[in-house]
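# Architecture at a glance
Given next are the chains, with one letter for each unit.
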Amino acid sequence: MNLYVINHSFHYELENLTRLFFPNEKINVIKENTDISSPCIYTEISDKLYVSVEIGEYSSKNSAPLTDDVENERMMCELLYKILCDFTKVTPPWGMITGVRPVKLYRKLKEEGTEKTADNYFSEKLFVSEEKLNLAKITEKTEKRILDLSTDKSFSLYIAIPFCPTRCYYCSFVQSSVEKSKHLIEPYVDLLCREIQYTAQIAHKLNLKLETVYMGGGTPTTLTAEQMNRVLLTVNNSFDTSNCREFTVEAGRPDTITEEKLISIKENKVDRISINPQTLNDDVLKAIGRKHTAQETINAYNLARNIGFNSINMDLIAGLPKDTYESFVNTLDSICNLSPECVTIHTLSMKRSSTLTQDGSVINREDAENTAKMLTYANAKLVDSKYIPYYLYRQSRMVGNLENTGWSKIDKESLYNVYVMDETHTIFGCGAGAVTKLKSNKYDYLQRIFNFKYPYEYIDRFQEMLDRKNETFNFYQKYF
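Residues numbered from 1 in each chain as written. Predicted model: local features only at pLDDT ≥ 70, side-chain atom pairs only at ≥ 80, totals over all residues. Heavy atoms only, no water.

To continue, consider the overall build of the protein chain. Within the protein chain, the regular secondary structure consists of 17 helices and 16 strands. The C-alpha atoms of the protein chain give a radius of gyration of 23 Å, which matches the 23 Å a tight globule of 480 residues would have. Dimensions along the principal axes, computed over C-alpha positions, put the protein chain at roughly 65 × 55 × 45 Å. When burial is assessed residue by residue, the protein chain has 56% of its 480 residues classed as buried. Long-range contacts, defined as pairs at least 24 residues apart, comprise 73% of the intrachain contacts of the protein chain with a sequence gap of at least 6. Summing over all exposed atoms, the protein chain offers an accessible surface of approximately 20800 Å²; the carbon and sulfur share of this is 48%. (Helix = DSSP H or I, 4+ residues; strand = E, 2+ residues; numbered from the N terminus. Rg over C-alpha atoms; globule rule 2.2 N^0.38 Å. Buried < 20%, exposed > 50% of the residue type's maximum accessible area, 1.4 Å probe, protein only. Contact = heavy atoms within 4.5 Å. Areas by Shrake-Rupley, 256 points an atom, 1.4 Å probe, with all protein chains shown as cover.)

In structure tokens, the structure reads:
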């Protein structure tokens with residue numbers, strides 16, 4: 001698909017909008033008024049806003065008068081959106097929204113005006129469906145209570161464990177299995193502990209207050225119990241955790257969870273874990289490259305309960321290969337019967353470098369409609385089971401242009417998930433692929449400090465990475 005962008009700078013939003021309707025096609029952005037090659041979308045600003053679409057025998061065009069830059073961009077997207085809705089006979093549930101954080105946008109509109117003006121903008125200017133608008137409204141109210149706990153001196157800590165036993169077919173994150181990178185784990189853990197200690201010294205010198213800790217991955221429980229204990233003990237010995245509101249470890253895949261590891265986690269003040277089955281259908285598990293069974297998930301959950309964990313999250317994915325609506329319903333009903341404190345419903349995202357995409361899997365209309373049905377059922381079932389939505393985000397190339405939503409029982413929400421998604425306060429990232437996000441609310445400014453992505457880079461260039469973190473002092477001096 002050729003996207004012509006002539007005499008304006010709105011290519012980013014127009015490209016993302018085009019991808020909503022053509023998720024499997026490569027979109028070529030052309031900024032020169034050369035010979036037009038079909039299939040194409042042509043957009044131009046002259047004495048007006050102009051959009052035309054030519055695809056096969058289909059042809060349509062529309063225009064609108066010029067206003068200011070912000071409204072020009074929205075209006076040009078609206079012109080294209082209406083044409084593509086007509087061509088595809090598809091109306092995306094989130095309308096024209098292509099961003100990651102629709103709830104944050106809703107909150108901003110609400111704070112700048114009223115709840116009614118925010119509602120009207122979502123429905124009348126962005127064409128968000130009533131179902132998704134209501135989901136955003138409820139989620140925003142829950143988030144607000146959590147956001148109010150944070151202060152200018154608050155921060156959270158993220159610890160990355162970039163190893164998995166195998167790579168799931170839908171994932172683009174892990175580059176090699178533990179079997180191939182096992183020799184890196186021990187030196188990685190040693191350096192990770194050093195980075196945690198160094199980061200704690202920075203936080204102490206700046207007199208910052210630790211709110212939450214989150215260990216994610218990858219799969220943190222690919223570490224041995226001894227390695228896990230070493231990392232968690234370093235956190236507790238290095239930081240002042242006396243006021244820490246939440247300490248999460250993403251235990252992740254059931255086939256990596258053992259009693260010894262769970263005891264080590266529990267003894268290190270961790271009060272929340274995540275056990276992520278994705279599905280309780282064994283055929284679907286095989287189709288996505290998982291090496292465990294549904295029964296192993298249930299066994300891991302019961303083991304965690306017996307050890308004393310009273311805050312457990314479970315992740316599911318809607319839209320997985322070979323999963324049917326009936327199978328998804330059975331999975332969710334079974335999870336609700338277990339009654340974890342949190343349930344996170346993800347929508348499958350077809351990431352470019354995932355095995356599924358590399359093997360030629362594509363998003364089709366039937367998949368999108370089926371996945372939408374799954375999410376509609378999930379929303380109703382979870383509300384009926386006394387869960388509330390507490391955070392929400394979206395990704396590119398999601399099946400059906402849908403969303404990921406975290407649901408929890410009252411007062412069992414993951415504070416970290418809200419803080420990181422809203423970009424509320426500083427997040428110190430430790431480990432390969434982690435990103436430190438320095439936040440100044442006074443100036444509404446966010447600065448990122450990137451760690452090296454791969455474990456071998458992290459190990460080989462460790463001191464260089466630590467030196468980057470010294471920029472934190474300059475940031476707090478300048479923006480606080």
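It is worth spelling out the sheet that holds strand β1 (residues 2–6) at this point. In spatial order, the strands read β2-β1-β3-β4-β5; together these five strands make up an open sheet with mixed pairing. Single-partner strands in this sheet number two, and they are β2 (28–30) and β5 (58–64). Shown here is a sheet whose adjacent strand axes are inclined to one another by a mean of 10°, direction ignored. Of the pairings in the sheet, the one linking strand β4 (residues 49–55) to β5 comprises seven bridges and is antiparallel in character. (Pairing = 2+ DSSP bridges. Axes fitted to C-alpha atoms, helices over the stretch in contact; angles between N-to-C directions.)

A word on the environment of A203. Mapped onto the fold, A203 is located in helix α6 (residues 178–205). Those residues within four positions of A203 in sequence are excluded, and the remaining contacts are F155, L208, F239 and F428.

The next subject is unusual backbone geometry. Looking along the chain, the bond that leaves S38 and enters P39 is cis, with omega of 0°. With respect to the helices, strands and loops of the structure, P39 is situated in the loop between β2 and β3 (40–45). With a phi close to 70°, K269 is a non-glycine residue in the positive phi region. With respect to the helices and strands, K269 occurs in the loop between α8 (259–267) and β9 (272–275). Positive phi is not limited to glycine here, since N401 has a value of about 55°. Its location among the elements puts N401 in the loop between β12 (388–393) and β13 (404–408).

Enumeration according to the criterion identifies 26 aromatic pairs in this entry. Summarising the aromatic geometry, the rings of Y188 and Y458 are spaced 5.0 Å apart at their centres and angled 45° between planes, so their arrangement reads as tilted. With Y188 in helix α6 and Y458 in helix α15 (residues 455–460), this pair connects stretches of sequence that are 270 residues apart. Ring geometry for Y390 against Y391: centres 5.1 Å apart, planes inclined by 45°, an arrangement best described as tilted. The residues Y390 and Y391 share a single accessibility class, namely buried. Sitting above the plane of the F309 ring, K266 keeps its charged end 5.2 Å from the centroid. Over the face of the ring belonging to F452 we find R468, whose NZ or CZ atom lies 4.3 Å from the ring centre. (Phe/Tyr/Trp six-rings, centres within 6.5 Å; stacked < 30°, edge-to-face > 60°. Lys NZ or Arg CZ within 6 Å of the ring centre and 35° of its normal.)

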